[in-house]
Amino acid sequence: MTGLRARVRAWWRARRATGRPLPAVGVETGRRLPGWTLRAAFPVAVLVLVAAAGARTTVLTELYAVLAVVLAVWAAVRPGPAPAHVALVAAALLLLGSVEAPFDPATLWLAPLGYVVTRLGWWAHHLSAVDQVELAALRRTLARDGLLVGAALVLGAAAWALAGHPVAWLVALGVVALAALAWTVVRAEDGGAR
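Here's a quick rundown of the structure. Positions within a chain are numbered from 1, following the residues in the order the chain's sequence is written. Residue-level local features of this predicted model are given only where pLDDT is at least 70; pairs of side-chain atoms are given and counted only at 80 or more, and the full residue set underlies all totals for whole chains, interfaces and linings. Hydrogens and water are ignored here; the side-chain numbers use all heavy atoms of the structure.

## What to know about the nonpolar core
The condition that has to hold: By convention a nonpolar core is built from buried Ala, Val, Leu, Ile, Met, Phe, Trp, Tyr and Cys residues, the set being connected through side-chain atoms within 4.5 Å. Only protein chains enter the accessibility calculation, which uses a 1.4 Å probe. A residue is then buried if its area is under 20% of the maximum for its type, exposed if over 50%, and partly exposed in between. Strands are runs of DSSP state E lasting at least two residues, helices are runs of H or I lasting at least four, and both sets are numbered from the N terminus onward. In what follows, residue pairs with any heavy atoms lying within 4.5 Å of each other are defined as contacts.
Counting residues in hydrophobic clusters, the biggest one holds 25 residues, and the most contacted among them are Leu-38, Phe-42, Val-46, Val-50, Ala-53, Leu-71 and Val-117. If you list the elements that add at least two residues to this core, you get helix H2 (35-55), helix H3 (61-77), helix H4 (81-96) and helix H5 (106-126). At eight residues, the largest contribution of residues to this core is made by H2. Each residue touching Phe-42, except ones within four places of it in the same chain, is listed here: Ala-75, Pro-79, Gly-80, Pro-83, Ala-84, Val-117, Leu-120, Gly-121 and Ala-124.

## Thoughts on the packing of H2 against H4
To keep it simple, the criterion reads: Every axis in this analysis is a line fitted to C-alpha atoms, fitted for helices over the stretch in contact. Angles between the N-to-C directions lie between 0 and 180 degrees. An angle counts as roughly parallel when it lies under 35 degrees, as roughly antiparallel when it exceeds 145, as roughly perpendicular when it falls between 65 and 115, and as oblique in every other case. Helix crossings are classified by the rotation of the near helix relative to the far one: an anticlockwise turn of less than a right angle makes the crossing left-handed, while a clockwise turn makes it right-handed.
At a minimum axis distance of 8 Å, the contact between H2 and H4 shows a crossing angle of 10°. The angle between H2 and H4 places the two elements in the roughly parallel class. In this structure, the crossing between H2 and H4 has a hand that is left-handed. In this structure, H2 contributes Phe-42, Val-46, Leu-49, Val-50, Ala-53 and Gly-54 to the contact, and H4 contributes Pro-83, Ala-84, Ala-87, Leu-88, Ala-91, Leu-94 and Leu-95.

## Some thoughts on the pattern of salt bridges
Going by this rule: By convention in these notes, a salt bridge is any Lys or Arg side-chain nitrogen within 4 Å of a carboxyl oxygen on Asp or Glu.
Within the structure shown, the criterion is met by two salt bridges. Between Arg-119 and Asp-145 there is a salt bridge whose closest N-O contact spans 3.4 Å. Note that Arg-119 is positioned in helix H5 and Asp-145 in helix H7 (residues 142-162), a separation of 26 residues in sequence. For the salt bridge of Asp-145 with Arg-144, the shortest nitrogen-to-oxygen distance reads 3.4 Å. Judged by its relative accessible area of 15%, Asp-145 falls in the buried class. Here the salt bridges do not stand alone but share partners, grouping Arg-119, Arg-144 and Asp-145 into one network.

## A closer look at the packing of aromatic side chains
We apply this condition: Each aromatic pair joins two rings of Phe, Tyr and Trp (for Trp, the six-membered one) with centres within 6.5 Å, and gets the label stacked for planes under 30 degrees apart, edge-to-face for over 60, and tilted for any other angle. When the NZ atom of lysine or the CZ atom of arginine is within 6 Å of a ring's centre and also within 35 degrees of its normal, the charge is said to sit over that ring.
Under the counting rule described, the total for this entry stands at one aromatic pair. Residue placement shows Arg-119 over the ring face of Trp-122; its charged tip is 5.9 Å from the ring centre.

## A short note on H5
A turn of α-helix holds 3.6 residues, and therefore any two residues three or four places apart point the same way. Short version of the rule: One fewer than the residue count of a helix, multiplied by 1.5 Å, yields its expected span. Given a residue, its bend is the angle between the two axes fitted to the seven residues that end at it and to the seven that start from it.
For H5, with 21 residues, the first-to-last C-alpha span of 31 Å sits near the 30 Å given by 1.5 Å per residue. Along its length, H5 shows its largest kink, about 25°, at Pro-112. The set of residues buried in H5 consists of Ala-106, Leu-110, Pro-112, Gly-114, Val-117, Arg-119, Leu-120, Gly-121, Trp-123 and Ala-124. Where the residues of H5 are buried, they touch H2, H4, strand S2 (132-134), helix H6 (135-140) and H7.

## As for a nonpolar patch on the surface
The condition that has to hold: A patch consists of residues whose relative accessible area exceeds 30% and which take part in no salt bridge; residues with like charges are grouped when within 9 Å of each other, and nonpolar side chains (Val, Leu, Ile, Met, Phe, Trp, Tyr) when within 5 Å. The Shrake-Rupley method, run with a 1.4 Å probe sphere, supplies the accessible areas, and residue values consider only the shown protein chains as cover.
Together, Leu-47, Val-69, Val-73 and Val-77 line one region of the surface with nonpolar side chains, adding up to about 330 Å² of accessible area. Per-element tally for the nonpolar patch: the top contributor is H3, with three residues. Along the chain, Leu-47 turns up in helix H2. Assessed through its relative accessible area of 34%, Leu-47 is described here as partly exposed.

## Describing the packing of H2 against H5
Look at H2 against H5: their axes get within 9 Å of each other, and the N-to-C directions meet at 150°. Considering the angle they form, H2 stands roughly antiparallel to H5. For the pair H2 and H5, the sense of crossing is left-handed. Contacts between H2 and H5 pair Leu-38, Arg-39, Ala-41, Phe-42, Ala-45, Val-46, Val-48, Leu-49, Ala-52 and Ala-53 from the former with Leu-110, Leu-113, Gly-114, Val-117, Leu-120, Gly-121, Trp-123 and Ala-124 from the latter.

So, in structure tokens, the structure goes:
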């Protein structure tokens, strides 16, 4: 019985052994960005977002300054989506106390900063300080991110210019856009979208 096992093992090894060396594999990496830069940019962006939103309010300066610093420290210690989302909610709540409430046009130029905070939170969560990110990985979503930030800045600038002036056609356009959005969502929920 042991002779049979030895023959089977020898046959199996002979089948697997090719006698050829493994091919040489070369790996090249492009320019890289240290992970600590994205992790350092994240708390700075959180601080700027909350401070900019707080500057538009009538809330005590010390209150929103402390809130901004606490959120920035949290973002530095535990980077990730949680501090990013809490910073966005805190900025939105601070804007409710704005002198321009119920709708402050500053929200539209703060929206790109909120998007940057969210993206930096994602990157900071996935990187350690010693990791490196190839710039090609960052460029992969740069077109989409740039388009979103640019469109939000243009919309924010237009809203800032039109703030305080009645624009009936813009209200009608907003109603049509909301109706189209609602129709798309309802259609998708009904199973009509394929």
